[in-house]
Amino acid sequence: MTGTEPGPATPGAEHYDVVVVGGGNAGFCAAHSARDRGARVLVLEKGSADQAGGNSFYTAGAFRVSHPGGAGLSGVLDDASLARLGETDLAAYTTDDFTADMERVTGGRCDPGMVRNLVDHSWDIVTWLHAKGMRWRLMYERQAYVSNGRWVFHGGLALGTVDGGKGLIARHTEIARDSGVGIRYGATVRELLRDDSGAVCGVSYTDPDGRSHTVEAASTVLTAGGFEASPQLRQRYLGAGWEQALVRGNPLNTGEVLQRAIALGAAPYGDWASCHSVAWDAGAPPQGGDRELTNQRTRQSYPIGIVVDRDGLRFVDEGADYRNYTYAKYGREILARPRGVAFQLFDAKTRPLLRTEEYDSRPITGGSADTLRDLAAQLGIDPDGLTATVTEFNKSIVDVPFDPAVKDGRAARVEQPKSNWAQSLDTPPYYGYAVSCGITFTFGGLAVDSSGRVLTEGGGPIEGLYAAGEIVGGLFSGNYPGGSGLTAGSVYGRLAGDAAATDRRST
């Protein structure tokens, strides 16, 4: 629709071509794309201006995309990254690599068509956003180690936005405002509106003062996230115990928009019984929302240490794969341990390798001591259990060179093996960090087609309704390749915004 279309049918209603419900990365990509088509666009964000940005604000800003390698990335990188390229090994990450990682990490439980859509459009997202003013960098401090005098990136992930999730949302907001997109904060959507034909024709919402408003639109794009911030919905869909998980990001993602779309006839899709969950500071606020530290409360250097529970027992293979391929599934393993807590342990040899932004942040729940027994007493670990675990672990290590930049094969041959990066804990002082399960987002959501149109149980589209981001299901199950969430939100947001602005212009 264009500005020459008839006015609103509901007295007092406003009219836009496209209304986007949710102001995170996916929502802004939908808004930019619709605006590129000349549509009049309004973004409705549930949070106030100082709560805005969805889960995207709380991320490190990492994007997993197929790319041509270090030299090929140079056209989008910031000056600081360009200055280090000469001392960096960064191989191309092909569409085949990306596809294989999606299939391997999810155990094949990902929709092949959706994966193809994600992968094939991933690099285009980078150049599209770069042309709009998004700033990109190589994430040396998170994704690379020095090996033989050179920086080596690992796990298929290298690219991120300057200033992380905070920078991502700040730039999205500037781009949207500069292009004429309207943004309203504190807008809680209460209803999806339908016309006589059954098509979705807008939304009603309440403002921070509780006043009701109606926005009629030719197309509505839902980008309001999943249900990870609702203890009740977590317990219902993920199972008993999940109500105790700590919310890692946006406390406003409580699933109401998702539930309203399903009540309207949208088909639920994907794995509703699993989610993205990580090792998270055990002392963090349970409902998330720390806009200062954001992602710094995650604890992701566990591959070079060991992880034990309160009994002092190891329960995961810390070195099974690069961190990018294991961190999103280990949160649930922590949740299943006694009292839902575990401890990451390091010694004087490995402590310098920990991510500074995470392990040197304050406040932090942990301790240090000159003996393992003293450390156990500080943290609440059974000292005899811990001593026995570490003694057996240290004796079992395969004596090959340690190299955190590659899968080095330095394994611990114990009942719970460690496949790579096994270092004996034998050099004081010792360091321990208490972690709980931090839930990031839920994997179950709405069914959509390749243009982001929301589908019914029968497979047909709901006219006028589109979706993107974490409210969409089908891409992830059980686990997740790091950085693919922001990419998926961008790809499907762009596609949905484009379709939303064009599909009904003739009506």
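Each value, and the rule that gives it
Residues numbered from 1 in each chain as written. Predicted model: local features only at pLDDT ≥ 70, side-chain atom pairs only at ≥ 80, totals over all residues. Heavy atoms only, no water. pLDDT = per-residue confidence, 0-100. Contact = heavy atoms within 4.5 Å. Domains from an automatic or database assignment. Buried area = accessible area lost by both parts, 1.4 Å probe. Salt bridge = Lys/Arg side-chain N within 4 Å of Asp/Glu carboxyl O. Polar contact = N/O pair within 3.5 Å; in protein donor to acceptor, adjacent residues only side chain to side chain. Axes fitted to C-alpha atoms, helices over the stretch in contact; angles between N-to-C directions. Helix = DSSP H or I, 4+ residues; strand = E, 2+ residues; numbered from the N terminus. Left-handed = near helix turned anticlockwise from the far one by under 90°. Nonpolar A, V, L, I, M, F, W, Y, C, P; charged D, E, K, R; others polar.

1. Side note on the confidence of the model for the protein chain
A low pLDDT means the predicted coordinates there should not be read in detail. In the predicted model, the protein chain carries a mean pLDDT of 96, and 97% of its residues have values of at least 70. Segment residues 1-8: pLDDT under 50, and 13 contacts once partners within four positions in sequence are set aside and those in other chains are kept.

2. Description of the domain arrangement of the protein chain
In terms of domains, the protein chain is made up of domain 1 (15-273 + 441-503) and domain 2 (277-438). Between the C-alpha centres of domain 1 and domain 2 there is a distance of 30 Å. Taken together, the two surfaces of domain 1 and domain 2 that pack against each other cover about 3,200 Å², and 49% of this comes from carbon and sulfur. Contact with domain 2 buries area across many residues of domain 1, yet Tyr145, Leu246 and Arg248 alone supply 25% of it, more than any other trio. For the pair domain 1 and domain 2, the interface holds three salt bridges. One salt bridge in this structure joins Asp321 and Arg104, with 2.7 Å as the shortest N-O distance. At the junction of domain 1 with domain 2, the criterion picks out 28 residue pairs in polar contact (both at pLDDT 80 or more).

3. Overview of the packing of helix α1 (residues 25-36) against helix α14 (residues 484-502)
Relative to each other, α1 and α14 sit at 35 degrees, their axes nearing to 7 Å. The hand of the α1/α14 crossing is right-handed. Contacts between α1 and α14 pair Asn25, Ala26, Cys29, Ala30, Ser33 and Ala34 from the former with Leu486, Gly489, Ser490, Gly493, Arg494, Gly497, Asp498 and Ala501 from the latter. For the contact of α1 with α14, the residue count by class is six nonpolar, six polar and two charged.

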